[in-house]
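Residues per chain, in single letters:
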Amino acid sequence: MSDISKLREILRQPAKMVLIGHANPDGDAVGSLLAWGEYLERTGHEVALFVPNDPPVFLRSMDGFARLRSFRADDRSAAEAVEKAEVIFAMDFNETETRIGALSAPVEANRTACRVLIDHHLNPPKERFDLCFSDTEASSTALIVYRLIRDLGDLASLTLSMAKNIYVGMMTDTGNFSYGNLTGELYRIIADLVDRGVSPAELNAQVFNVYSEWRMRLIGYALHEKLTLLNPKTAYVALSMAELNRFHYRPGDTEGLVNMLLSIGGVGMSALFTETNECIKISLRSRGTEGVDVNRFARTWFSGGGHKNAAGAKSFATMEETLRRFEEGVNAL
Ligand code: 5GP
Ligand code: MN
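Rules used throughout
Residues numbered from 1 in each chain as written. Chains lettered and ligands numbered in written order. Predicted model: local features only at pLDDT ≥ 70, side-chain atom pairs only at ≥ 80, totals over all residues. Heavy atoms only, no water. Helix = DSSP H or I, 4+ residues; strand = E, 2+ residues; numbered from the N terminus. Polar contact = N/O pair within 3.5 Å; in protein donor to acceptor, adjacent residues only side chain to side chain. Axes fitted to C-alpha atoms, helices over the stretch in contact; angles between N-to-C directions. Left-handed = near helix turned anticlockwise from the far one by under 90°. Contact = heavy atoms within 4.5 Å. Nonpolar A, V, L, I, M, F, W, Y, C, P; charged D, E, K, R; others polar. 1 Å grid on protein atoms, 1.4 Å probe; cavity = no way out; pocket = protein on both sides within 12 Å on 5 of 7 lines; lining within 4 Å. Points joined across faces, edges and corners; volume = space filled by probe spheres on them. Buried < 20%, exposed > 50% of the residue type's maximum accessible area, 1.4 Å probe, protein only. Pairing = 2+ DSSP bridges. Core = buried A, V, L, I, M, F, W, Y, C linked by side-chain atoms within 4.5 Å. Near = heavy atom within 4 Å. Areas by Shrake-Rupley, 256 points an atom, 1.4 Å probe, with all protein chains shown as cover.

Peer 1: So what's going on with the side chain of histidine 121? Which residues, and what values?
Peer 2: By the element assignment, histidine 121 lies in the loop between strand S5 (114–119) and strand S6 (131–134). Here aspartate 119 takes part through its side chain, which lies 2.6 Å from a polar atom of the side chain of histidine 121.

Okay, here's the thing in structure tokens:
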């Protein structure tokens, strides 16, 4: 039986379904959850959408955003919903141990649910899932969600809110359609979404043109005061908690900053280090198919992961040690 037939089989009976996205949810995680969640609900299922922590402010005006719940470890009813789910969809991540924070406990506690992966990250652990829709070449998970609805023969039921959420996922995960993985298929899907009423200009403004004054000042400070060029090809910015606090940091305020560093001519790899209460969050970016494989870099040096041109990791060392390790990794390239 083909995977899509198996999925159709799973969707045949109304069931309790839980959809889970990764920590520090981005536009693709949120867009995919909202679009696929709406689809499942419209097909008669009981659906709950969870992410491990709050999405950034600029995603909060997405259609249906209020349906997304930030999981709290002490919220028994949320934990029970996950533990009792009949189907669990893992969306836009594939490492249940490291990418979903406190959600991993109820997910692991649920021994009976059918587990379905919908994702585009490298190295999917297929043995952990009953069904995998993993395409590591796809530029976003939202694109895979569109394909699933199409392959289930249900494009007629694609609502405007689903179309908008899929578009936001595709827009944000391609760096506003600037990365190297833009395909004809992507643009054909965009054409269809636009025909269904999606306004690219409106969604672009909704997601990208909503900086707070403090966010803009933080970016200015980071670029002016904190930009470090390790060598002509490698740029990074490291921000301590004190610096973030000084600029009234809110989740998402540094989004896009690591990409800006790649706009320096000749720079082929960039990094952003942000200190949090738990760890130092590392974001890595590179350019093009010939560029540094930052997924491999993140795995080798920081036990992280992601994609060839966009990856991330957590470091539990001090900022100083983390930067030293980064420099060591860069010198070894
Ligand atoms: P960002 O820099 O936007 O937070 O993350 C870029 C990509 O790196 C994400 O799509 C995600 O796949 C990956 N990523 C970010 N943080 C981590 C992490 O801590 N562990 C792993 N394995 N991947 C990460
Ligand atoms: Mn994604």
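Peer 1: Break down the packing of helix H6 (residues 160–173) against helix H8 (residues 200–208) for me, citing the residues and quoting the values.
Peer 2: Between H6 and H8, the least distance of the axes is 11 Å, while the angle of their chain directions is 65 degrees. Between H6 and H8 the crossing geometry is right-handed. Residues Lys164, Tyr167, Val168, Met171 and Thr172 of H6 pack against Pro200, Glu202, Leu203, Asn204, Val207 and Phe208 of H8. Considering only residue class, the contact of H6 with H8 consists of seven nonpolar, two polar and two charged.

Peer 1: Any details on the environment of phenylalanine 208? Residues and values, ideally.
Peer 2: With respect to the element layout, phenylalanine 208 can be found in helix H8. Put simply, phenylalanine 208 and histidine 120 are 88 residues apart on the chain and 23 Å apart in space, counted from C-alpha to C-alpha. Phenylalanine 208 has contacts with Met171, Thr172 and Asn176, leaving out every residue within four places of it along the chain.

Peer 1: How would you sum up the layout of surface pockets? Please name residues and give values.
Peer 2: Within this model, the second largest pocket holds a volume of roughly 180 Å³. Every residue lining the second largest pocket is counted, 14 residues in all, and those nearest its centre are Thr96, Val107, Glu108, Arg115 and Arg128. For the lining of the second largest pocket, the secondary-structure elements that each account for two or more residues are strand S4 (87–91), helix H4 (104–109) and S5. Sort the elements by how many residues they give to the lining of the second largest pocket and S4 lands first, with three residues. Of the residues assigned to the lining of the second largest pocket, the class counts are nine nonpolar, one polar and four charged.

Peer 1: Tell me about unusual backbone geometry, and name the residues and values.
Peer 2: Look at asparagine 24: it is not a glycine, yet its phi comes out positive at around 50 degrees. Tracing the chain through its elements places asparagine 24 in the loop between strand S1 (16–20) and helix H2 (27–42). Positive phi, normally seen in glycine, also occurs at asparagine 123, with a value near 55 degrees. Checked against the element boundaries, asparagine 123 lands in the loop between S5 and S6. For asparagine 123, a relative accessible area of 48% translates into the label partly exposed.

Peer 1: Could you give an account of the pairing of S4, with specific residues and numbers?
Peer 2: Counting buried residues in S4 gives five out of five residues, a clear majority hidden from the surface. Neither face of S4 is exposed, since Val87, Phe89 and Met91 on one face and Ile88 and Ala90 on the opposite face are all buried. In this sheet, S4 lies alongside S1 in parallel orientation, the contact comprising four bridges. Along S4, the bridge assignment pairs isoleucine 20 with alanine 90. Bridge analysis of S4 against S5 gives five bridges, and the strand direction is parallel.

Peer 1: Requested: an account of the nonpolar core, with residues and values cited.
Peer 2: By size, the foremost hydrophobic cluster in this structure holds 55 residues, and its most contacted members are Leu7, Leu19, Trp36, Phe89, Met170 and Leu193. Contacts of methionine 170, omitting those with residues within four sequence positions, involve Ser140, Ala142, Leu143, Phe177, Leu186, Ile189, Ile190 and Leu193.

Peer 1: I'd like a rundown of the site of ligand 1, residues and numbers included.
Peer 2: Surveying the vicinity of ligand 1 reveals 15 residues, the closest of which are His121, Lys281, Ser283, Arg285 and Gly312. Glycine 305 is positioned with one of its backbone polar atoms (N or O) 3.2 Å from a nitrogen atom of ligand 1. At 3.3 Å from an oxygen atom of ligand 1 is found a side-chain nitrogen or oxygen belonging to lysine 314. When ligand 1 sits alone it has 490 Å² of accessible area, and the protein chains cover 88% of it. Of all the secondary-structure elements, those providing two or more residues to the shell around ligand 1 are strand S10 (280–286), strand S11 (305–306) and strand S12 (310–315). For the shell around ligand 1, the class distribution of residues is three nonpolar, seven polar and five charged.

Everything listed here is a matter of geometry and, on its own, says nothing about what the molecule does.
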